[in-house]
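# Observations on the model geometry
Residues per chain, in single letters:
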Amino acid sequence: MSDEGASREPGETDGQRLAAVVAKPRSQVAIESLRAEGVYDDTRSVTQWTADSVAVPVTAPPQETQFREVVRQVGERRLKTLDDHLRERGWTDEEIDAAPSSWAVLGSVVLVDIGNSPRPAEVGEALLALHGEAETVLARHGISGEHREPSVEVIAGAGDTETVHTEHGTRYAMDLAEVMFSPGNKAERARMGDTVSAEERVLDMFAGIGYFTLPMARAGAHVTAIERNPTAFRFLVENVMLNDVDERVHPYRADCRDVVPGFAEEARADRVVMGYYEASAPRAEDSRAPPGASHEYLDSALDALAPGGVLHMHEATPDALVFDRPIERLEAAVAEADRDVEILDTRRVKEYSEGVAHVVVDARIQ
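Calculation notes
Residues numbered from 1 in each chain as written. Predicted model: local features only at pLDDT ≥ 70, side-chain atom pairs only at ≥ 80, totals over all residues. Heavy atoms only, no water. UniProt positions renumbered as here; feature names shortened; annotations may be inferred. Helix = DSSP H or I, 4+ residues; strand = E, 2+ residues; numbered from the N terminus. Contact = heavy atoms within 4.5 Å. Polar contact = N/O pair within 3.5 Å; in protein donor to acceptor, adjacent residues only side chain to side chain. Pairing = 2+ DSSP bridges. Axes fitted to C-alpha atoms, helices over the stretch in contact; angles between N-to-C directions. Salt bridge = Lys/Arg side-chain N within 4 Å of Asp/Glu carboxyl O. Buried < 20%, exposed > 50% of the residue type's maximum accessible area, 1.4 Å probe, protein only. Expected span 1.5 Å × (residues − 1).

Naming follows an unreviewed UniProt entry, where the protein appears as tRNA(Phe) (4-demethylwyosine(37)-C(7)) aminocarboxypropyltransferase of Haloarcula amylolytica JCM 13557. Recorded in UniProt under Catalytic activity (unreviewed entry), the annotation for the protein is "4-demethylwyosine(37) in tRNA(Phe) + S-adenosyl-L-methionine = 4-demethyl-7-[(3S)-3-amino-3-carboxypropyl]wyosine(37) in tRNA(Phe) + S-methyl-5'-thioadenosine + H(+)". For the protein, the Subcellular location (unreviewed entry) comment in UniProt is given as "Cytoplasm".

Annotation from UniProt places "binding site: S-adenosyl-L-methionine" (unreviewed entry) at Ser-182, Arg-189 and Glu-227. Within the secondary structure, Ser-182 sits in the loop between strand E10 (170-175) and helix H5 (186-195). Positionally, Glu-227 belongs in the loop between strand E12 (222-226) and helix H7 (230-242). In this structure, Glu-227 is in contact with Phe-206, Ala-207, Gly-208, Ala-232, Phe-233, Leu-236, Tyr-252, Arg-253 and Ala-254, ignoring residues within four places of it in sequence. In this structure the side chain of Glu-227 is engaged in a polar contact, spanning 2.7 Å, whose partner is the backbone nitrogen of Gly-208.

Read across the open sheet, the 7 strands follow the order E13-E12-E11-E14-E15-E17-E16; overall the sheet is mixed. Looking at which strands have only one partner, the edges of the open sheet turn out to be strand E13 (249-252) and strand E16 (341-353). Sheet twist, expressed as the average angle between the axes of neighbouring strands with direction ignored, equals 15°. Sheet analysis places strand E14 (residues 269-274) next to strand E15 (residues 305-318), joined by 5 bridges and oriented parallel. Bridged to Val-273 within E15 is His-312. Those strands touched by H5 are E14, E15, E16 and strand E17 (356-365), and its axis lies near 170° from that of E15.

Summed over all chains, the structure comprises 20 salt bridges. The salt bridge involving Asp-52 is made with Arg-68; its shortest N-O contact spans 3.2 Å. One end of the pair, Asp-52, is in the loop between strand E2 (47-50) and strand E3 (53-58); the other, Arg-68, is in the loop between E3 and strand E4 (69-72), and 16 residues separate them in sequence. The shortest N-O distance in the salt bridge between Glu-188 and Arg-191 comes to 3.2 Å. Separated by 3 residues within a single helix, Glu-188 and Arg-191 lie in helix H5, roughly one turn from each other. For Glu-188, a relative accessible area of 5% puts it in the buried group. Ionic contacts of the salt-bridge type, sharing partners, join the residues Glu-188, Arg-191, Asp-345, Arg-347 and Asp-362 into one network.

Cis rather than trans, the peptide bond between Val-322 and Phe-323 has omega equal to -5°. Positionally, Phe-323 belongs in the loop between E15 and helix H10 (324-336). Unusually for a residue other than glycine, Arg-119 sits at a positive phi of about 45°. For Arg-119, the position within the fold is in the loop between strand E6 (109-112) and helix H4 (120-130).

Moving on, we get to H7. With 13 residues, H7 should reach 18 Å at 1.5 Å per residue; the first-to-last C-alpha distance of 18 Å fits that figure. At its buried positions, H7 is contacted by strand E9 (162-167), E10, helix H6 (213-218), E12 and E13. Taking the backbone nitrogen of Thr-231 as reference, a side-chain oxygen 3.0 Å away marks Asn-229 as the first, capping residue of H7. Two residues or fewer past H7, Asp-244 is found with a positive phi of approximately 60°.

Below, the structure is given as structure tokens:
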């Protein structure tokens, strides 16, 4: 579907090298839609078309995705890997072995752990060449502080760290220099949208920019979302509007302990999400967690949860203690509250750091 009129030269066929021209800010949304249509051509590169648009290669004119026009694109075949691009820049095999092996494209920003790679600026330029829809490459150096603030460095491109990332239909506006966004949690964010039922009453105790709140609200749940970091809260409110779920999300900028009593007095939750885990995970040989870890809020979570409700507890756990430690902590808190617990599921979401895993425990509390 064209939003500004399609133009194709007479005699074009589906087998020709075509590209759909789209506005650059919505290129990620368009690529996702074209993939779903089955017409995105991943053998060719996304290329700049005009100052504010890109040409996205397609195998046939789109029927469902909005575009400005469909054009003939000669273009070179895509160099399919970062290694290809670095090799073209004269990198040796030894240098390529030290290059990043993974990164994430979040809207117009490429987020990469640069590690010990030589010549980070060249890595950044190669990533921009690989991902024509991106404008900035950020090297990620870690997360610190009680608000989980990221440390990043611009290594290539325009330097704009604000972006809108689309994931399974959910749109996340964020500033990657100010708020944390973990690409490795993608499956868990999608799962929460699939898990909730319409009209459920949900409490998201550490909402951030809406990581779990948004997919749950888009699925029809009514979510009370609490976030005390002022920057994250600003993006939470923006994202609620961006995803048109303002009638189903009730955001609070506060400490969750201060919100729970009033929330529970009104009505207790069918589901509580505890998506925060300690910013400085303990060493693998140390079972202690620093102040502010998710399990320290279990008393408030249980106060908010109705009998028969489901609790989702996230934790950064040393490999040797997966899943024993979070389950033991949960069972102890439930016993203290004189309630019963049934463990429904346990999941390893991703590696948090060397020897430490990000895990989730789902439990029904009676």
